[in-house]
Amino acid sequence: MSDYDVIVIGSGAGGGTLVHRLAPSGKKVLLLERGDWLTREPQNWLSQDVFVDGRYQSEDTWYDDKDKPFPPQVHYFVGGATKLYGAALYRLRAEDFGELQHHDGVSPAWPISYEEMEPHYMQAEQLYQVHGARGEDPTEPPASGDYPFPAVSHEPRIQQLSDDLAAAGHQPFHAPCGVMLNESNMPFSKCVRCQDCDGFPCLVHAKSDAEVISVRPALEHDNVTLLTGAQAVKLSTDAGGKTVTEVVVERDGGTETHTADIVVVSCGAANSARLLLASATDKHPNGLANGSDQVGRNYMFHNSQAVLALSKDPNPTVFQKTLGLNDYYFAGEEFDYPLGNIQMVGKSQAPMFHGEKPGETKFAPDWTLENVASHAVDFWLSTEDLPKAENRVTLGPDGHVKLTYSYSNEEPKKQLLGKLESMLDDIGMHPHHLLPHHAYLKNEIPVAGVAHQTGTCRFGVDPADSVLDTNCKAHELDNLYVVDTSFFPSIGAVNPALTAMANAIRVGDHLLERLGA
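Residues numbered from 1 in each chain as written. Predicted model: local features only at pLDDT ≥ 70, side-chain atom pairs only at ≥ 80, totals over all residues. Heavy atoms only, no water.

Tallying secondary structure elements over the protein gives eleven helices and 23 strands in all. The C-alpha radius of gyration of the protein comes to 22 Å, within 12% of the 24 Å expected for a compact globule of 517 residues. Residue burial in the protein is summarised as follows: out of 517 residues, 60% are buried. Counted over contacts in the protein with a minimum sequence separation of 6, partners at least 24 positions apart contribute 74%. Surface exposure of the protein reaches about 19,300 Å², of which carbon and sulfur atoms provide 49%. (Helix = DSSP H or I, 4+ residues; strand = E, 2+ residues; numbered from the N terminus. Rg over C-alpha atoms; globule rule 2.2 N^0.38 Å. Buried < 20%, exposed > 50% of the residue type's maximum accessible area, 1.4 Å probe, protein only. Contact = heavy atoms within 4.5 Å. Areas by Shrake-Rupley, 256 points an atom, 1.4 Å probe, with all protein chains shown as cover.)

See below:
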């Protein structure tokens, strides 16, 4: 007799959302989170603590392909990576679910269609209280309803930028954003439109993260149990290797085991692969569910660049992440291949420059950095990272994550930056003053910026070239699921969080049916 009906390992966009879906069923659910609750404290909103001192970064050590250790930019808390994300909740484009030709190769088709995912996107947008405006984005996929909340308004400088871009023939749109904002009644709004949102924890719990939106409400149900500080280190199976029988957990300095009829791994793309690889058995000598040799492979995390433009006019914007541009998301008349997505990021603050360039800024007067920050307009550019078998997670020294990675689509990345420069020239900004902005990438180590990590356990119909079936169940085991961004066969060029949430709802419905709930 199992202790639980379902064990979910990880409480982020995948695991947290899944537990929220299962909670009302009455089925006994155990949620394991290796981290703790993120402390609510003044430092949540201090850029020095968050971006310079790395107060909330994990103490993990990962290794690159040369076995050189590096600190990954990961965060282990209830709510997972969503605790510090920017809450940019985009749907993948409908075309992203099909095969797309890129400069460096083919982005493969998904085994399910956009139409199959669409109802779950709607439910995820409702759950995570997404603000947006249908019809502005020319690449927007079909939707069965409006956003649940109106778009977050642009502040004057960003509205001017939007108007200037539109006048120059571009199609800017209000970026979809997950915040608990009521602009029509600000005295009763949870969100206060502060500058400390993108990349920060939200001190007032007004960001739509997985802890606030999913885990806390799930815990109101007596059938849901959360264990924090509980790191799953191995999954044990029966003698035949067809069923996971135990989850081995390190907690409070000791080791304990838990059992469930169904086990769901939701640790994030790198750590989910690590757990499966560390659970090798005689029946699964290359790692659990790895008969295809695909566990850990096809790691993707977006070919991204954060840049700041120096505006001739001051930019007093506080909440800046409200505008997006997808004019070059797909191939068009000018380019034979897709370039990607352009969106705003959180507003630059002077202490961030100390964090990303400590040597160069050590003796810079604070007023100089403040002046740069006051004129900065900050952009995030994402080009699709193609799945490559050699880009992979393996087990490094002492069983830690070893990440082997090389970039793809470098030419479209350069072209997208060039288009941004050209656009800024057209609207009277400084086209040659686009500066790399590493505060959001955290540092210049390519493999360390893992916020958008996907792949490693892709789903598909053929067990020979995929790890999971279309319900995200491991092909080779009867009761093992992986429900996080690991399942992505391709990553598209927009933020992956909403797709992870929508898929968790989709798989949750499947599990409820399987459990007879």
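There is more to say, and it comes next.
Our focus in this paragraph is the sheet that holds strand E13 (residues 244-251). In space, the three strands of this open sheet follow the order E12-E13-E14, with antiparallel pairing throughout. For this open sheet the edge positions go to strand E12 (230-237) and strand E14 (254-258), each flanked by a neighbour on one side alone. Strand-to-strand twist across the sheet, computed as the mean angle between neighbouring axes with direction ignored, equals 25 degrees. Sheet topology note: the E13/E14 ladder contains five bridges and is antiparallel. The residue bridging valine 248 from the neighbouring strand is threonine 257, located in E14. (Pairing = 2+ DSSP bridges. Axes fitted to C-alpha atoms, helices over the stretch in contact; angles between N-to-C directions.)

On a regular strand, one side chain projects to one face of the sheet and the next to the other, so that they alternate. Burial runs high along E12: six of the eight residues are buried. In the sheet, E12 pairs with E13 via seven bridges, with the strands oriented antiparallel. By the bridge assignment, lysine 234 is partnered in E13 with valine 248. Counting the residues in the hairpin turn of E12 and E13 gives six residues, including glycine 241, whose phi is positive at 75 degrees.

Bringing the packing of helix H1 (residues 15-22) against helix H5 (residues 210-218) into the picture now. The angle between the axes and the distance between the axes are what describe a pair of packed helices. Across the interface, H1 lies against H5 with an axial gap of 8 Å and an inter-helix angle of 40 degrees. Overall, the two elements H1 and H5 adopt an arrangement that is oblique. Where H1 crosses over H5, the handedness of that crossing is left-handed. Contacts between H1 and H5 pair Gly16, Thr17, Val19 and His20 from the former with Ile213, Ser214, Val215, Pro217 and Ala218 from the latter. Tallied by class, residues from the contact of H1 with H5 come to five nonpolar, four polar and no charged. (Parallel < 35°, antiparallel > 145°, perpendicular 65-115°, else oblique. Left-handed = near helix turned anticlockwise from the far one by under 90°. Nonpolar A, V, L, I, M, F, W, Y, C, P; charged D, E, K, R; others polar.)

Let's shift gears to the nonpolar core. Core analysis: the biggest nonpolar cluster contains 100 residues, and Ile9, Leu235 and Leu480 have the highest contact counts within it. The element that contributes the greatest number of residues to this core is helix H11 (residues 497-514), accounting for ten residues. If sequence neighbours within four positions are ignored, leucine 235 has contacts with Ile9, Val244, Glu246, Val247, Val263, Val265, Leu275, Leu276, Ser279, Leu288 and Leu480. (Core = buried A, V, L, I, M, F, W, Y, C linked by side-chain atoms within 4.5 Å.)

As a further point, take the sheet that holds strand E2 (residues 29-33). Taken in spatial order, the five strands make up an open sheet running E11-E2-E1-E15-E23, and their pairing is parallel. Lying at the two open borders of the sheet, with one neighbouring strand each, are strand E11 (224-228) and strand E23 (480-482). Strand-to-strand twist in this sheet, taken as the mean axis angle between neighbours without regard to direction, amounts to 20 degrees. In terms of strand pairing, strand E1 (residues 4-9) meets E2 through four bridges, oriented parallel. Within E2, the position partnered with valine 8 by the bridge is leucine 31. Packed onto the sheet, H1 meets E1, E2, E11 and strand E15 (260-265) and runs at close to 160 degrees relative to E1. Each of E15 and E23 touches H11; the most contacted strand, E23, lies at about 165 degrees to it.

Bringing the packing of aromatic side chains into the picture now. Tallied over the full model, the rule gives 19 aromatic pairs. With centroids separated by 4.9 Å and ring planes inclined at 75 degrees, the aromatic side chains of tyrosine 329 and phenylalanine 330 adopt a geometry described as edge-to-face. Given the relative accessible area of 3%, tyrosine 329 is considered buried. Summarising the aromatic geometry, the rings of phenylalanine 459 and phenylalanine 487 are spaced 4.9 Å apart at their centres and angled 90 degrees between planes, so their arrangement reads as edge-to-face. (Phe/Tyr/Trp six-rings, centres within 6.5 Å; stacked < 30°, edge-to-face > 60°.)

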